[in-house]
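Survey of secondary and tertiary structure
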Amino acid sequence: MIGLLQRVTRAAVEIEGETAGEIGAGLLVLVGVQKADDERRAERLLERLLGYRVFADETGRMNRSLKNTGGGLLLVPQFTLPADTRKGTRPGFSTAAPPEEGRRLFHYLLDQAVRRHAPVASGRFGADMQVSLINDGPVTFWLET
């Protein structure tokens, strides 16, 4: 699984003009599901997201994680992340999981996140979403399991 995490001061996702999910300070994570992904990889991604040290400690160093800060986690499914962009000028999606499997694993990740952390919000798999954020830093990392 792929998680493109962005440290934010706030973030929201809208669907058809309605706010589907929003957080204050924390992490906005765009989530891509690849063909070989399974529950074990989803759990490993969540472990990394909750423990990844991207928030400043009292000395200004990135030594604190969501576990330490209690910040929000906004998970947004993003079909395009696993795209193959190595050739040409059009992305290929042969590396992405089929939609049913992508949906299942995204919801598995979301359910596990809700069980292990608060607050958690999300976008909706397969929806046309508008995502807004204030990237803090900017700090952005690509995590892959």
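Keep in mind that what you see is a predicted model, and the values were worked out from it rather than measured. (Residues numbered from 1 in each chain as written. Predicted model: local features only at pLDDT ≥ 70, side-chain atom pairs only at ≥ 80, totals over all residues. Heavy atoms only, no water.)

**Some points on unusual backbone geometry**
Rule in force here: Only DSSP runs of H or I covering at least 4 residues are called helices, and only runs of E covering at least 2 are called strands; the numbering of each starts at the N terminus.
Of note, the bond from Ala118 into Pro119 is cis; its omega dihedral lies within 30 degrees of zero at 0 degrees. Summarising the element assignment, Pro119 is placed in the loop between α3 (99-116) and β7 (120-122). The phi torsion at Glu16 lies on the positive side, around 50 degrees, for a residue other than glycine. Mapped onto the secondary structure, Glu16 falls in the loop between β1 (2-15) and β2 (18-23).

**Examining helix α1 (residues 39-51)**
What counts here: In this analysis, the expected span of each helix is defined as 1.5 Å times one less than the number of residues it contains. Here's how the labels work: a residue is buried when its accessible area is under 20% of the maximum for its type, exposed when over 50%, partly exposed in between, all with a 1.4 Å probe on protein chains only. What the arc measures is the spread of directions leading from the helix axis to the C-beta atoms. For this analysis, residues touch if any pair of their heavy atoms sits within 4.5 Å. Two N or O atoms form a polar contact when they lie within 3.5 Å of each other; inside protein one atom must be a possible hydrogen donor and the other a possible acceptor, and for residues adjacent in sequence the pair counts only when both atoms belong to side chains.
Between its first and last C-alpha atoms α1 spans 18 Å; for 13 residues at 1.5 Å apiece the expected length is 18 Å, and the two agree. Three or more residues of α1 are buried, namely Ala42, Leu45, Leu46, Leu49 and Leu50. Along the long axis of α1, the arc covered by the buried residues comes to 125 degrees, so they all point the same way. Elements in contact with the buried residues of α1: β1, β3 (26-32), α2 (66-69), β6 (72-77), α3 and β8 (129-144). You can read the cap of α1 off the contacts: a side-chain oxygen lies 3.2 Å from the backbone nitrogen of Arg40, and it is on Asp38.

**Quick look at the pattern of salt bridges**
To keep things clear, this is the line we draw: One side-chain nitrogen of Lys or Arg within 4 Å of one carboxyl oxygen of Asp or Glu is enough to make a salt bridge.
This structure, assessed with the given rule, holds six salt bridges. When the shortest N-O distance is used, the salt bridge between Arg44 and Glu47 registers 2.7 Å. Of this pair, Arg44 and Glu47 both sit in helix α1, three residues apart, which is roughly one turn of that helix. With relative accessibility at 39%, the residue Arg44 sits in the partly exposed group. Via salt bridges that share partners, Glu39, Glu101 and Arg104 belong to a single interconnected network.

**Topic: α3**
With 18 residues, α3 ought to run about 26 Å at 1.5 Å a step, and its terminal C-alpha atoms sit 26 Å apart, in line with that. The complete set of buried residues in α3 reads Gly102, Leu105, Phe106, Leu109, Leu110, Gln112 and Ala113. The buried residues of α3 all sit within an arc of 165 degrees when viewed along its axis, so they share a single face. Residues Glu100 and Arg115 are exposed on α3 and point more than 90 degrees away from its buried face. Buried residues along α3 sit against β3, α1, β6 and β7.

**Focus on the nonpolar core**
Keep this limit in mind: Nonpolar cores are built from buried Ala, Val, Leu, Ile, Met, Phe, Trp, Tyr and Cys residues. Side-chain atoms within 4.5 Å join them into one set.
Of all hydrophobic cores here, the largest spans 25 residues; its most connected members are Met1, Leu27, Val29, Leu73, Leu75 and Leu109. Among the elements of the structure, β3, α1, β6, α3 and β8 are those that each provide at least two residues to this core.

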